[in-house]
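Read off the chains here:
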Amino acid sequence: AFTQVTIAQSTSATLVSSSADTNLVYLVETLRSMHPAFGTAFYWDPVNGNDANAGTSPDTATKTFTAAHTLVSAGRNDVIFCRPTGSGDTTSTETISITKNNLKVRGPGISMKLIPTTTTNPTINIAAANVEISGFYLETAASGTQNAVTIDGDNVSIRDCWIGGARGHGIALSSSARFRLLTSVIENCGGSGTGDGLNLGNSTTQSLTS
């Protein structure tokens, strides 16, 4: 008695919901031990994305990281979620350049592989502060002397990544402070004849690996 039920449905017979639940994203981010992203979430889908998309929902993901990075605002704590929609492993041949502070880039794990074909840039180049990379498998091109990750920024975190087969260093830091390498694997680096798994420049300070 005295009960009223209202059902809101779309034409496809599913309950109406927003395309991106910002509150839920924020809730998940509060559970992270460091570098929570409380800015805007953007989506990158190397398989089915389109660089003409807005990138603000899984259904409107960009195809390249470069396009998603263009949408990010520096210093706003934005996050780019890599959302491969292919079956099995997904490989992107794009090199990643991060120049905007406070950006987080998150992948699904080892099934998302970044293996560029170019020998002119590192697989990931970080030239910004307060950046976090997590959830990727990284290599370099099969030739050349590039590093898998080159870092020139403070308070950078690499976590839950697998780095292997780098022609140069697996991770190279120049003058970075407060770098953190967490729950990651580095192996088989220096394929060009020179290179370390982790190379700390002379001006690197307060770094932590675990």
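Quick note: structure is the one above.
Here's what I pulled together on the structure shown here. Per chain, residues are indexed from 1 in the order of the written sequence. A pLDDT threshold of at least 70 governs which residues receive local features in this predicted model, and a stricter bar of 80 or more applies before side-chain atom pairs are shown or counted, although totals over entire chains, interfaces and linings include all residues. Side-chain metrics rest on all non-hydrogen atoms present in the structure, leaving aside hydrogens and water.

Some words on the sheet that holds strand S3 (residues 90-92)
For sheets, the rule is that strands pair by backbone hydrogen bonds, running either parallel or antiparallel.
Alright, step 1. The rule for pairing is simple: two strands pair if DSSP sees at least two bridges between them. Helix and strand assignments come from DSSP, with helices taken as H or I runs of at least 4 residues and strands as E runs of at least 2, each series counted from the N terminus. On the basis of which strands lie adjacent, the open sheet formed by five strands has the order S3-S6-S9-S12-S15 and parallel pairing. Edge positions in the sheet fall to S3 and strand S15 (185-187), since each has one partner strand and no second.
Alright, step 2. Direction of pairing for strand S12 (residues 162-164) relative to S15: parallel, over a ladder of three bridges. If you follow tryptophan 162 over to S15, its bridge partner there is valine 185.

What to know about the environment of lysine 113
Alright, step 1. With respect to the helices, strands and loops of the structure, lysine 113 is situated in strand S6 (residues 112-114).
Alright, step 2. For every residue, the accessible area obtained with a 1.4 Å probe (protein chains only) is divided by the maximum for its type, and the residue is called buried under 20%, exposed over 50%, and partly exposed between those limits. According to the relative accessible area criterion, lysine 113 is buried, its value standing at 17%.
Alright, step 3. Ignoring any residue separated from it by four or fewer positions in sequence, one finds lysine 113 in contact with Asp89, Thr90, Thr91, Ser92 and Tyr137. Contact definition: two residues touch when any of their heavy atoms are within 4.5 Å.

Describing the packing of aromatic side chains
Alright, step 1. A pair of Phe, Tyr and Trp rings is counted when the ring centres sit within 6.5 Å of each other, with Trp represented by its six-membered ring. The angle between the planes then sorts it: under 30 degrees is stacked, over 60 is edge-to-face, the rest tilted. Tallying each qualifying case throughout the model produces three aromatic pairs.
Alright, step 2. An aromatic cluster of three or more residues is present, and its members are Trp44, Phe65 and Phe136.
Alright, step 3. For lysine 113, the ring lying beneath its charged end belongs to tyrosine 137, and the centroid distance is 4.4 Å. Put simply, a charge is over a ring when the Lys NZ or the Arg CZ is close to the ring centre, within 6 Å, and near the line of the ring normal, within 35 degrees.

A few points about the pattern of salt bridges
Oppositely charged side chains are able to pair whenever their charged atoms sit close together.
Alright, step 1. In the sections that follow, a salt bridge refers to a side-chain nitrogen of Lys or Arg positioned within 4 Å of a carboxyl oxygen of Asp or Glu. With the rule as written, the count across this model stands at four salt bridges.
Alright, step 2. With a closest N to O distance of 2.8 Å, aspartate 78 and arginine 76 form a salt bridge.
Alright, step 3. The salt bridge involving arginine 106 is made with glutamate 132; its shortest N-O contact spans 3.3 Å. Placement of the pair is arginine 106 in strand S5 (residues 104-106) and glutamate 132 in strand S8 (residues 132-134), with a sequence separation of 26 residues.

A word on the pairing of strand S1 (residues 41-44)
Alright, step 1. Here S1 shows no split at all, with Ala41 and Tyr43 on one side and Phe42 and Trp44 on the other all buried.
Alright, step 2. The sheet contact formed by S1 and strand S2 (residues 79-82) spans four bridges and is parallel. Bridge pairing in S2 places tryptophan 44 opposite cysteine 82.

Thoughts on the nonpolar core
Alright, step 1. Residues grouped as a nonpolar core are buried Ala, Val, Leu, Ile, Met, Phe, Trp, Tyr and Cys residues, joined through side-chain atoms within 4.5 Å. Counting 32 residues, the largest nonpolar core has Trp44, Ile126, Ile133, Phe136 and Val149 as the members making the most contacts within it.
Alright, step 2. For this core, the secondary-structure elements that each account for two or more residues are S1, helix H2 (65-71), S2, strand S4 (96-98), S6, strand S7 (124-126), strand S10 (149-151) and strand S13 (171-173).
Alright, step 3. Those residues in contact with isoleucine 126 that lie beyond four places of it in its chain are Ile98, Val131, Ile133, Val149, Thr150, Ile151, Asp152, Gly153, Val156 and Ile158.
Alright, step 4. Core analysis: the second largest hydrophobic core is formed by five residues, Ala41, Tyr43, Ala61 and Phe81 among them.

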